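Okay, here's what each chain looks like letter by letter:
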Amino acid sequence: MHGSPSRYQLAEIGSLLADPSRAAILLALADGRARPAGELARLAGIAASTASAHLGRLVEGGLLQVLNQGRHRYFQVAGDHVSAMLEALPLVRSTQPRPAQLAPAERPLAFARTCYRHLAGHLGVALYRGLREQGWIELGDQAVRLSEGGRDALGAHGLLPDMAEPPGPPGRSCLDWTERRFHLGGPLGVAITDRLLQRDWLRRREHSRALELTPPGRAGLRRLGIPLDD
């Protein structure tokens with residue numbers, strides 16, 4: 001589904017997203033992790049046979065892929081481009097400012113969540129802003145890269161992504177649907193988020209894309225100069 005879509009491809013994507021159960025399955029997989037059909041059925045609140053039919057359509061439509069491990073089958077979004085689409089779609093209808101008060105169930109996701117495998121939400125936007133303001137990332141025509149100062153700063157805090165040689169993995173600016181501002185996506189965003197999880201600065205919430213900022217994480221991000229709201 002790369003390249004310029006035809007009207008028929010757009011209509012096909014729209015039909016795949018139109019069913020609430022299929023939408024629930026896609027959102028459950030939007031963090032980039034792979035899940036079995038039974039777990040997706042439970043998360044979507046539907047019968048296993050119904051989930052199987054929906055999964056078949058999503059795979060056929062190119063939005064999901066199947067991972068076979070022995071006798072087990074797992075489902076995963078087909079790539080970063082699918083999760084980016086899911087993250088951006090709510091912005092199409094968003095003509096009003098974000099409400100000052102979010103529903104309790106929405107607050108953890110709005111604060112910090114995974115968009116595919118990179119950090120999104122209020123915390124993701126704060127991280128992107130802090131890295132930019134301190135000159136630790138450089139915005140090019142095609143990609144976002146770590147600067148030399150950024151490599152030094154992240155390395156000093158154990159957050160430097162694996163890189164064969166500078167400038168390291170590329171990133172991209174990803175529009176955040178809850179904040180309506182940019183967070184850091186692409187391989188660079190994924191690599192930094194992986195480091196935050198490995199260092200226990202962030203923790204995953206079970207059965208959710210929401211992420212929890214730990215006390216060591218809050219202290220570490222403050223040392224990095226990332227603006228956080230108390």
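Keep in mind that what you see is a predicted model, and the values were worked out from it rather than measured. (Residues numbered from 1 in each chain as written. Predicted model: local features only at pLDDT ≥ 70, side-chain atom pairs only at ≥ 80, totals over all residues. Heavy atoms only, no water.)

Visitor: Sorry, what's going on with helix α9 (residues 186-198) here?
Guide: Along an α-helix, a turn takes 3.6 residues, which lines up residues three or four apart on a common side. Spanning 13 residues, α9 covers 18 Å between terminal C-alpha atoms, matching the ideal 18 Å at 1.5 Å per step. What α9 keeps buried is the set Gly186, Leu188, Gly189, Val190, Ala191, Ile192, Thr193, Leu196 and Leu197. Backbone geometry just downstream of α9 places Asp200 in the positive-phi region, at approximately 65 degrees. (Helix = DSSP H or I, 4+ residues; strand = E, 2+ residues; numbered from the N terminus. Expected span 1.5 Å × (residues − 1). Buried < 20%, exposed > 50% of the residue type's maximum accessible area, 1.4 Å probe, protein only.)

Visitor: Looking at this structure, I do not really get the sheet that holds strand β2 (residues 64-69). What am I missing?
Guide: To summarise the sheet geometry, strands pair through backbone hydrogen bonds and adopt either a parallel or an antiparallel arrangement. Across the sheet, three strands lie side by side as β1-β3-β2; this open sheet has antiparallel pairing. This sheet does not close on itself; its edge strands, each paired only once, are β1 (35-36) and β2. Against the sheet, helix α4 (residues 48-60) contacts β2 and β3 (72-77), and its axis sits at roughly 110 degrees relative to β2. (Pairing = 2+ DSSP bridges. Contact = heavy atoms within 4.5 Å. Axes fitted to C-alpha atoms, helices over the stretch in contact; angles between N-to-C directions.)

Visitor: What exactly am I supposed to notice about the pattern of salt bridges here?
Guide: Any two side chains of opposite charge can pair, given that their charged atoms come close. With the rule as written, the count across this model stands at seven salt bridges. The closest approach of N and O atoms between Asp176 and Arg113, which form a salt bridge, is 3.1 Å. You can see Asp176 sitting in the loop between β8 (172-175) and β9 (182-185) and its partner Arg113 sitting in strand β4 (residues 113-115), a full 63 residues away along the chain. The same class applies to Asp176 and to Arg113, which are both buried. Taking the shortest distance from any N to any O, the salt bridge between Arg117 and Asp194 comes out at 3.2 Å. In this pair, Arg117 sits in the loop between β4 and β5 (118-120) while Asp194 sits in helix α9, placing the two residues 77 residues apart along the sequence. (Salt bridge = Lys/Arg side-chain N within 4 Å of Asp/Glu carboxyl O.)

Visitor: Is there a simple way to explain the environment of Met85 in this structure?
Guide: Mapping Met85 onto the fold places it in helix α5 (residues 80-93). For Met85, a relative accessible area of 21% translates into the label partly exposed. Between the alpha carbons of Met85 and Arg42 there is a distance of 24 Å; along the sequence they are 43 residues apart. For Met85, the contacting residues outside a window of four places in its chain are Ile13, Leu17 and Leu63.

Visitor: Could you clarify how one ought to interpret the nonpolar core in this entry?
Guide: Here is a general trend for soluble globular proteins: nonpolar side chains tend to be buried in one another's company. Formed by 27 residues in total, the largest nonpolar core has its most connected members in Leu196 and Leu221. For this core, the secondary structure elements donating two or more residues are α7 (121-133), β7 (144-146), α8 (148-156), α9 and β11 (211-213). In terms of residue count, α7 provides more of this core than any other element does, five residues in total. Membership of the second largest hydrophobic core comes to 20 residues, among which are Leu55, Leu64, Phe75 and Tyr116. (Core = buried A, V, L, I, M, F, W, Y, C linked by side-chain atoms within 4.5 Å.)

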